Amino acid sequence: MTKRSDSIVLIGPMGAGKTSIGKRVARALKLPFVDTDAVVVREHGAIAELFAERGEAHFRSLERQAVSDALGNGGVVALGGGAVLDETTQRDLSEHRVVFLTVAPRVVATRVSGSKRPLLQGDDSAQRWTEIFETRRPIYETLADATFDTSHGPLADIVTEIVAWAKNNETTEDQ
Ligand SMILES: Nc1ncnc2c1ncn2[C@@H]1O[C@H](COP(=O)(O)OP(=O)(O)O)[C@@H](O)[C@H]1O
Ligand SMILES: O=C(O)C1=C[C@@H](OP(=O)(O)O)[C@@H](O)[C@H](O)C1
Ligand SMILES: [Mg+2]
């Protein structure tokens with residue numbers, strides 16, 4: 001696999017583990033870690049409030065900028081689940097090693113229940129998660145260089161698998 005950048009980008013649906021697994025992968029590889037949602041929150045405030053007060057399109061434009069900055073800086077980057085909807089981001093990702101974290105619907109429900117994710121509020125959140133995931137799945141699959149299912153087993157095992165994959169797929173200077 002020839003990729004220009006040595007960074008690793010985690011994509012996938014809400015609750016797949018991008019933030020928590022990304023943090024641990026970065027620590028294991030001794031690389032900096034950035035979660036683009038955390039950047040947006042730090043610079044602009046809570047995501048739920050941005051959605052409520054300024055709308056999803058506004059959040060997406062802040063997210064696009066955070067993603068572009070993070071990809072430029074390198075390291076391990078965890079995206080928000082919807083960041084891949086942006087076509088500029090899709091193009092930019094072709095230069096990076098992209099890891100798609102997937103998860104079974106029956107497992108994710110407990111992971112995201114009670115969370116403040118604005119797209120998962122209300123009684124039908126499980127159904128909404130599935131609809132959103134099915135809509136985005138082709139994009140995730142197209143962008144992915146590798147896919148890991150986080151539904152089973154301890155989080156540490158998935159981290160180990162991703163670290164091994166990253167070491168086997170390192171970029172080299174002359175690419
Ligand atoms: N493989 C896993 N096994 C068990 N719990 C997990 C796993 N991955 C993530 N979680 C838990 O699920 C929740 C959501 O994870 P998070 O990293 O925020 O996902 P994402 O960033 O993809 O939305 C967190 O509470 C996290 O600890
Ligand atoms: O899938 C989405 O559209 C979203 C995912 C969230 O991030 P996580 O995927 O880290 O939960 C966050 O960016 C926002 O609530 C919107
Ligand atoms: Mg996250």
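Now for a description of the structure that goes with this document. These numbers were taken from a predicted model, which means no experiment stands behind them. (Residues numbered from 1 in each chain as written. Chains lettered and ligands numbered in written order. Predicted model: local features only at pLDDT ≥ 70, side-chain atom pairs only at ≥ 80, totals over all residues. Heavy atoms only, no water.)

The next subject is the site of ligand 2. In the neighbourhood of ligand 2, 14 residues make up the surrounding shell, with Lys18, Asp37, Arg60, Arg117 and Arg136 lying closest. Within the side chain of Arg60, one N or O atom sits 2.7 Å away from an oxygen atom of ligand 2. Within the backbone of Gly82, an N or O atom sits 3.3 Å from an oxygen atom of ligand 2. Isolated, ligand 2 exposes 390 Å² of accessible area, and the fraction of that covered by the protein chains is 95%. Element by element, the count of residues in the shell around ligand 2 is highest for helix H4 (residues 56-73), at three residues. Tallied by class, residues from the shell around ligand 2 come to five nonpolar, three polar and six charged. (Near = heavy atom within 4 Å. Polar contact = N/O pair within 3.5 Å; in protein donor to acceptor, adjacent residues only side chain to side chain. Areas by Shrake-Rupley, 256 points an atom, 1.4 Å probe, with all protein chains shown as cover. Helix = DSSP H or I, 4+ residues; strand = E, 2+ residues; numbered from the N terminus. Nonpolar A, V, L, I, M, F, W, Y, C, P; charged D, E, K, R; others polar.)

The next subject is the pattern of salt bridges. The final tally for this structure, using the stated rule, is five salt bridges. Between Arg60 and Glu63 there is a salt bridge, with the nearest N and O atoms lying 2.8 Å from each other. Of the two residues, Arg60 and Glu63 both sit in helix H4, three residues apart, roughly one turn of that helix. The exposure class of Arg60 is buried, given its relative accessible area of 16%. Among the residues examined, Glu63 registers a relative accessible area of 3% and is labelled buried. Residue Arg64 is joined to Asp86 by a salt bridge in which the shortest nitrogen-to-oxygen separation is 2.5 Å. Highlighted residues: Arg64 in helix H4 and Asp86 in the loop between strand S3 (76-78) and helix H5 (87-93), separated in sequence by 22 residues. One network of salt bridges, in which partners are shared, links Glu56, Arg60 and Glu63. (Salt bridge = Lys/Arg side-chain N within 4 Å of Asp/Glu carboxyl O. Buried < 20%, exposed > 50% of the residue type's maximum accessible area, 1.4 Å probe, protein only.)

Membership of the largest hydrophobic core comes to 42 residues, with the highest contact counts inside it found for Ile11, Leu79 and Leu93. Here this core gets six residues from one element, more than from any other, and that element is helix H8 (residues 155-168). Filtering out sequence-adjacent residues up to four positions away, Leu93 remains in contact with Lys3, Val9, Ile11, Leu71, Leu79, Val84, Val98 and Leu143. (Core = buried A, V, L, I, M, F, W, Y, C linked by side-chain atoms within 4.5 Å. Contact = heavy atoms within 4.5 Å.)

Within the structure, ligand 1 sits among 13 residues, and Gly15, Gly17, Lys18, Thr19 and Ser20 are positioned closest to it. Gly15 places a polar main-chain atom, nitrogen or oxygen, 2.8 Å from an oxygen atom of ligand 1. At 2.8 Å from an oxygen atom of ligand 1 is found a side-chain nitrogen or oxygen belonging to Thr19. Surface burial for ligand 1 is 71%, taken as the share of its 560 Å² of free accessible area covered by protein chains. When residues of the shell around ligand 1 are assigned to their parent elements, the largest contribution, three residues, is made by helix H1 (residues 18-29). Residue composition of the shell around ligand 1, by class: five nonpolar, five polar and three charged.

Looking at the secondary structure, you find Leu85 in the loop between S3 and H5. Note on Leu85: relative accessible area 40%, which makes it partly exposed. Along the primary structure Leu85 and Gly45 are separated by 40 residues, whereas in three dimensions their C-alpha atoms are 22 Å apart. Residues contacting Leu85, with those up to four places away along its chain left out, are Gln90, Arg136 and Ile139.

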